[in-house]
Amino acid sequence: MRKNVVAGNWKMNTTLQEGVKLAEDVNEALKNVDAKCDVVICVPFTHLASVNAVIDPAKLGLGAENCADHVKGAYTGEISAPMVASTGATYVILGHSERRQYYGETSETLKEKVNLALANNLTPIFCIGEVLEQRENGSYLEVVKSQIEEALFELSAEDFSKLILAYEPVWAIGTGKTATDDQAQEMHAFIRGVIADKYGKEVADNTSILYGGSCKPSNAKALFAKPDVDGGLIGGAALEAESFMGIVTAF
Ligand code: PGA
């Protein structure tokens, strides 16, 4: 059966020293709870190796927030999937709406990134989600379906099974405006149906689909109680160990 996952997305926050301290705090807090989900922190590239050195990989997974769409070479400033993997990280967020919006990432580049992540044994946490206008004009289901089809449907069933998906309505990210648990459930069930149509029910049932967008301790329980919501991708609330743990323990 699919796993429940709570993953932090630190974005461009914390210095190296602050990040190592936050990772230590989360790692410490996890010793005292019987987490009913996999717990992951996705941190800036500069922090990966140092954070990896202070966490217990049996309790806390580590991921990057992006990787390049090329394996190596003359791409100044880029960080490749093999580089990420060489730090000890085993996850990578791909296709976050901020990458799509501010850095022009398209389904074509994301396809390459997913392939390279998988080839380097990184588990992609692949983000999809509509903007407010698409929510309001009723096209949101089709938009998300296209994002999945365009970037992921050339994968074999075996490779697709290695992914984690994260539904993040763009209008809910960092805005304090959360999708209601019913809105999340509607989309998650729809996504599972899209996967089932392509790869069959078993693959769909085994795919973890996380919700992201202003998820916090106060709303996590209701969201995670929905049958197709398998956890969360957490931005702002992942920047303090206490609020992050409040979401981890919502399962
Ligand atoms: P947020 O961010 O929890 O701050 O809304 C979520 C995300 O963008 O992954």
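Residues numbered from 1 in each chain as written. Predicted model: local features only at pLDDT ≥ 70, side-chain atom pairs only at ≥ 80, totals over all residues. Heavy atoms only, no water.

**Q** Report on the overall build of the protein, specifying residues and quantitative values.
**A** Scanning the protein for helices and strands turns up 12 helices and 8 strands. Rg of the C-alpha trace for the protein: 17 Å, near the compact-globule value of 18 Å for 251 residues, within the 12% margin. In terms of overall dimensions, the protein has a C-alpha envelope of 45 × 45 × 35 Å along the principal axes. The proportion of buried residues among the 251 residues of the protein is 51%. When contacts within the protein are restricted to residue pairs at least 6 apart in sequence, those whose partners lie at least 24 apart make up 72%. Of the roughly 11,100 Å² of accessible surface on the protein, a fraction of 51% belongs to carbon and sulfur atoms. Once the 22 positive and 34 negative side-chain charges of the protein are each reduced to a mean point, those two points are 3 Å apart. (Helix = DSSP H or I, 4+ residues; strand = E, 2+ residues; numbered from the N terminus. Rg over C-alpha atoms; globule rule 2.2 N^0.38 Å. Buried < 20%, exposed > 50% of the residue type's maximum accessible area, 1.4 Å probe, protein only. Contact = heavy atoms within 4.5 Å. Areas by Shrake-Rupley, 256 points an atom, 1.4 Å probe, with all protein chains shown as cover. Lys, Arg positive; Asp, Glu negative; His and termini not counted. Charge placed at Lys NZ, Arg CZ, Asp CG, Glu CD.)

**Q** Kindly report on the environment of Ile93, identifying the contributing residues and their values.
**A** With respect to the helices, strands and loops of the structure, Ile93 is situated in strand 4 (residues 91-94). A sequence separation of 30 residues divides Ile93 from Thr123, and the C-alpha atoms of the two residues are 8.4 Å apart. Excluding residues within four positions of it along the chain, Ile93 makes contact with Asn9, Cys42, Ala64, Glu65, Asn66, Ile125, Cys127 and Leu233.

**Q** Run through the site of the ligand, naming residues and quoting values.
**A** In the region of the ligand, the neighbouring residues are Asn9, Lys11, His96, Glu168, Ala172, Ile173, Gly174, Gly213, Ser214, Leu233, Gly235 and Gly236. Between the ligand and Gly174 there is a distance of 2.7 Å, counted from an oxygen atom to a backbone nitrogen or oxygen. Interatomic distance of 2.9 Å between a backbone N/O atom of Gly236 and an oxygen atom of the ligand. If the ligand stood free it would expose 280 Å²; the protein chains cover 95% of that surface. Considered class by class, the residues forming the shell around the ligand number 3 nonpolar, 7 polar and 2 charged. (Near = heavy atom within 4 Å. Polar contact = N/O pair within 3.5 Å; in protein donor to acceptor, adjacent residues only side chain to side chain. Nonpolar A, V, L, I, M, F, W, Y, C, P; charged D, E, K, R; others polar.)

**Q** With reference to specific residues and values, describe the pattern of salt bridges.
**A** Inspection of the entire model under this criterion finds 19 salt bridges. Notably, a salt bridge pairs Arg135 with Glu130, separated by 2.9 Å at the nearest N-O pair. Look at Arg135 and you get buried, because its relative accessible area is 13%. With a closest N to O distance of 2.6 Å, Lys201 and Asp205 form a salt bridge. Highlighted residues: Lys201 and Asp205, both in helix 10 (residues 201-206), separated by 4 residues, approximately one helical turn. Note on Lys201: relative accessible area 58%, which makes it exposed. Asp205 sits in the partly exposed class, given a relative accessible area of 22%. When salt bridges that share partners are traced, they join Arg2, Arg192, Asp228 and Asp230 into one network. (Salt bridge = Lys/Arg side-chain N within 4 Å of Asp/Glu carboxyl O.)

What is shown is where atoms sit, not what they do.
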